[in-house]
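Understanding the architecture of this molecule
In case you want the letters, here they are:
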Amino acid sequence: MIVLLGPPGAGKSTVGRYLERFGWKFVSVGDLVREEMKKGTQLGQIFKSYVERGQYVPDDIIIPFVLSRVDERTILDGFPRTLAQAKAIEGKVHLVVYLDVSEEECVRRLSGRRVCPKCGRVYNIYTMPPKRDMLCDVCGVKLIQREDDREEVVRERFRVYMEKTAPLIEYYREQGLLVEVDANVPPEEECKRVEKVLREKGFL
Ligand code: AP5
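For the structure given in this document, a descriptive report is provided here.

What counts, and at which threshold
Residues numbered from 1 in each chain as written. Predicted model: local features only at pLDDT ≥ 70, side-chain atom pairs only at ≥ 80, totals over all residues. Heavy atoms only, no water. Disulfide = S-S within 2.5 Å. Buried < 20%, exposed > 50% of the residue type's maximum accessible area, 1.4 Å probe, protein only. Helix = DSSP H or I, 4+ residues; strand = E, 2+ residues; numbered from the N terminus. Near = heavy atom within 4 Å. Polar contact = N/O pair within 3.5 Å; in protein donor to acceptor, adjacent residues only side chain to side chain. Areas by Shrake-Rupley, 256 points an atom, 1.4 Å probe, with all protein chains shown as cover. Nonpolar A, V, L, I, M, F, W, Y, C, P; charged D, E, K, R; others polar. Phe/Tyr/Trp six-rings, centres within 6.5 Å; stacked < 30°, edge-to-face > 60°. Lys NZ or Arg CZ within 6 Å of the ring centre and 35° of its normal. Contact = heavy atoms within 4.5 Å. Axes fitted to C-alpha atoms, helices over the stretch in contact; angles between N-to-C directions. Parallel < 35°, antiparallel > 145°, perpendicular 65-115°, else oblique. Left-handed = near helix turned anticlockwise from the far one by under 90°. Core = buried A, V, L, I, M, F, W, Y, C linked by side-chain atoms within 4.5 Å.

1. Thoughts on the state of the cysteines
Summed over all chains, the structure comprises zero disulfides. No disulfide involves Cys106; its sulfur sits 15 Å from that of Cys191, the nearest cysteine. We note that Cys116 lacks a disulfide partner, and the nearest cysteine sulfur, in Cys136, lies 3.7 Å from it. Looking at Cys116, the relative accessible area reads 3%, which means it is buried.

As structure tokens, then:
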């Protein structure tokens, strides 16, 4: 298992989708959560009440949800986000790639993010625009902005990240599993940097 770690907007999903071409299974926990919300299930409604406020879903709900959807050849985005979640996959993680990006850059990226409501493909009006006017390159569907990408929610997500997830950087560094990537670069360069790291470590 490879974990992509970083603040909201660090590019975890962009990098993870890029890496799928090398035969890894990419699991974005945020995407799974939003899928459940879209289906309108009871679980989805519980997720919604946290996500739209920029809060994490409680560990006792999210941990079993994620564990049943991952395996050895998974690249994980959005898990673990707390120490309890890290403990739940202890011994299964081979590498943690920390995407280091400043808060201001993350806020800028998230305010420009647009997503395809059908296939989930991610775009950015500043850095990765669709080929045709606000339509998904793959599905042709009109792109939307996520509810939680409004600036005040983004700031709250960042605050929660600093409190609950940032301590995992040290946790994984101490275990010798952490690799840091300076991700304050354009998307293509960020993906190439992570690819290079995975090649050097023998994962690709
Ligand atoms: P989730 O969707 O995982 O939110 P997140 O971690 O805040 O991550 P983002 O999707 O915002 O950012 P990203 O790093 O994937 O960036 P992206 O590649 O899209 O989770 C949503 C919510 O679900 C959470 O807030 C929580 O409530 C709940 N949840 C999920 N997991 C949970 C867990 N384990 N426990 C409890 N609750 C959980 O890129 C962002 C934008 O920038 C895009 O527009 C992209 O095109 C652009 N971009 C990407 N790279 C670059 C670059 N290098 N330069 C310029 N622009 C770039």
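2. Observations regarding unusual backbone geometry
Cis rather than trans, the peptide bond between Phe79 and Pro80 has omega equal to 0°. Among the structural elements, Pro80 can be located in the loop between β3 (74–77) and α5 (83–88). At Met134, a position not held by glycine, the phi torsion is positive, near 55°. Residue placement: Met134 occurs in the loop between β6 (122–124) and α7 (151–165).

3. Digging into the site of the ligand
Surveying the vicinity of the ligand reveals 34 residues, the closest of which are Thr14, Gln55, Arg81, Arg157 and Val185. At 3.0 Å from an oxygen atom of the ligand is found a main-chain nitrogen or oxygen belonging to Ser13. Contact between the ligand and Arg146: an oxygen atom at 3.2 Å from a side-chain N or O atom of the residue. Protein chains shield 99% of the accessible area of the ligand, which is 1000 Å² for the free molecule. When residues of the shell around the ligand are traced back to their parent elements, those giving at least two are α1 (12–19), α2 (29–39), α6 (103–112), β6 and α9 (187–200). Residues belonging to the shell around the ligand are distributed by class as follows: 16 nonpolar, ten polar and eight charged.

4. Let's talk about the packing of aromatic side chains
For the structure shown, the criterion picks out five aromatic pairs. Pairing Tyr18 with Phe22 gives two aromatic rings, centres 6.0 Å apart and planes at 75°, and the pair type is edge-to-face. Assessed through its relative accessible area of 25%, Phe22 is described here as partly exposed. With a centroid separation of 5.1 Å and an interplanar angle of 75°, the aromatic rings of Tyr171 and Tyr172 are classed as edge-to-face. Over the aromatic face of Phe65 sits the side chain of Arg69, whose NZ or CZ is 4.0 Å from the ring centroid. Arg73 extends its terminal NZ or CZ atom over the ring of Trp24, reaching a point 4.2 Å from the ring centre.

5. Quick look at the environment of Val107
Along the chain, Val107 turns up in helix α6. Along the backbone, Val107 and Val154 are 47 residues apart, and their C-alpha atoms lie at a distance of 6.7 Å. Ignoring sequence-local partners within four residues, the contact set of Val107 consists of Glu151, Val154 and Arg155.

6. Remarks on the packing of α1 against α9
Axis separation between α1 and α9 bottoms out at 10 Å; the angle between their running directions is 60°. As far as their axial angle goes, α9 and α1 are oblique. Considering the relative orientation of α1 and α9, their crossing is right-handed. Within the contact between the two elements, α1 uses Thr14, Val15, Tyr18 and Leu19 and α9 uses Pro187, Glu190, Cys191, Lys192, Val194, Glu195 and Leu198. The residue makeup of the contact of α1 with α9, split by class, is seven nonpolar, one polar and three charged.

7. Side note on the nonpolar core
Generally speaking, nonpolar side chains in soluble globular proteins are found buried as a group. Ranked by size, the top nonpolar core spans 33 residues in total, and within it Ile62, Leu76 and Tyr172 carry the most contacts. In this structure Tyr172 touches Pro80, Ala86, Ile89, Val93, Val96, Leu177 and Leu178, once residues within four positions along its chain are discounted. Counting residues in each nonpolar core, the second largest holds 22 residues, with Leu4, Tyr18, Phe26 and Val179 among its members.

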